[in-house]
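Each chain, letter by letter, is given below.
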Amino acid sequence: MEINKDIHAIVTGGGSGLGAATVKRLASYGAKVSIIDLSELQAQVTAEGLNAKVYATDVCDEAAVKHTLQQATDHFGPIQILVNCAGILAAERIVGREGPMALETFSKVIQVNLIGTFNMMRLTAALMSEGPAFGHDQERGIIINTASVAAFEGQIGQAAYSASKGGVAALTLPAAREFARFGIRVNAIAPGLFETPMMTQLSAEAQQSLAEQVPYPSRLGFPKEYAQLVCHMVENPMLNGEVVRLDGAIRLQPK
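Source: prediction; values computed, not measured.

About the cut-offs
Residues numbered from 1 in each chain as written. Predicted model: local features only at pLDDT ≥ 70, side-chain atom pairs only at ≥ 80, totals over all residues. Heavy atoms only, no water. Buried < 20%, exposed > 50% of the residue type's maximum accessible area, 1.4 Å probe, protein only. Helix = DSSP H or I, 4+ residues; strand = E, 2+ residues; numbered from the N terminus. Pairing = 2+ DSSP bridges. Right-handed = clockwise from strand over helix to strand, strands pointing away. Salt bridge = Lys/Arg side-chain N within 4 Å of Asp/Glu carboxyl O. Axes fitted to C-alpha atoms, helices over the stretch in contact; angles between N-to-C directions. Contact = heavy atoms within 4.5 Å.

Peer 1: Explain the pairing of strand S7 (residues 141-146) to me, please; I cannot follow it from the model alone.
Peer 2: Along any regular strand the residues' side chains alternate between the sheet's two faces. Burial within S7 is extensive, with 6 of its 6 residues counted as buried. In this structure, strand S4 (residues 81-84) lies alongside S7, joined through 4 bridges in parallel fashion. Bridge pairing in S7 places Ile81 opposite Ile142. Judged from the 6 bridges that link them, S7 and strand S8 (residues 184-191) form a sheet pairing that is parallel. For Thr146, the partnering residue across the bridge sits in S8 and is Ile189. The parallel pair S7 and S8, bridged by helix H5 (residues 159-179), forms a crossover whose chirality is right-handed.

Peer 1: Sorry, what's going on with the pattern of salt bridges here?
Peer 2: Overall, the coordinates contain 8 salt bridges when judged by the stated rule. A salt bridge links Asp6 to Lys5; the nearest nitrogen and oxygen atoms lie 3.6 Å apart. Residue classification places Lys5 among the exposed positions, given a relative accessible area of 61%. Arg219 is the salt-bridge partner of Glu225, the closest N and O atoms lying 2.6 Å from each other. According to the relative accessible area criterion, Arg219 is partly exposed, its value standing at 27%.

Peer 1: Is there a simple way to think about the sheet that holds strand S3 (residues 52-55) in this case?
Peer 2: The pairing of strands in a sheet happens through backbone hydrogen bonds and is either parallel or antiparallel. Taken together, 7 strands build an open sheet; the order of strands is S3-S2-S1-S4-S7-S8-S9 and the sheet is parallel. At either margin of the open sheet sits one strand with a lone partner, and together these are S3 and strand S9 (243-246). The sheet shows a mean angle of 20 degrees between the axes of neighbouring strands, direction not considered. With respect to the sheet, helix H1 (residues 17-28) is in contact with strand S1 (8-12), strand S2 (32-36), S4, S7 and S8, its orientation differing from that of S1 by roughly 170 degrees. Here helix H2 (residues 40-47) sits on the sheet in contact with S2 and S3, set at roughly 175 degrees to S3.

And the structure:
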């Protein structure tokens, strides 16, 4: 699929980090971008100067997402791209010094990272399936979800996060197989250690220590590199049903 002015993309978590970089990259190709982010003010900063519109919507809220997708379609036309970057992080042991992890903590991470991703995917795919098909392969769209290397090498204290991202990774192939009849592709990106707002909250020393764990290049990933992979996935029709690690060959240690 060629990214151009006729393409309408939805990016969740588009106000910062990987999502913001993706918004800017897609817009640089001429795409129309609908940004879904609870941090509306931050998302408005990202959208400034771009052909983009912001919707302050909870990805876990079925009615709100349906309403937003309808508004976005009315404004920019049929949706061809969905990139799910919205997510939260929780670092807590299953059984810590003060006892077991609160069930609410685990549930919240699963709710946002996995169920929120699934909610966006199912509702957007339903609209995509009714949209126009184009090109040699009669493609209707592509969905790109964000997993994590923690889905495969979860560290101590990452049980909730790893479980949520493992679920995102596991969704990829069955969704791609199911949506093939509509001409909709599904992929996931599993980033390693990236310069995101969550990471930049750490001290410079801590960031440097983490960067040195990456074999090559020995640094934190740049959000623009995630966005580059998003655009390649969009434009390469044979990339389907894949979970692609973007991690500089890192393999996380137990802690």
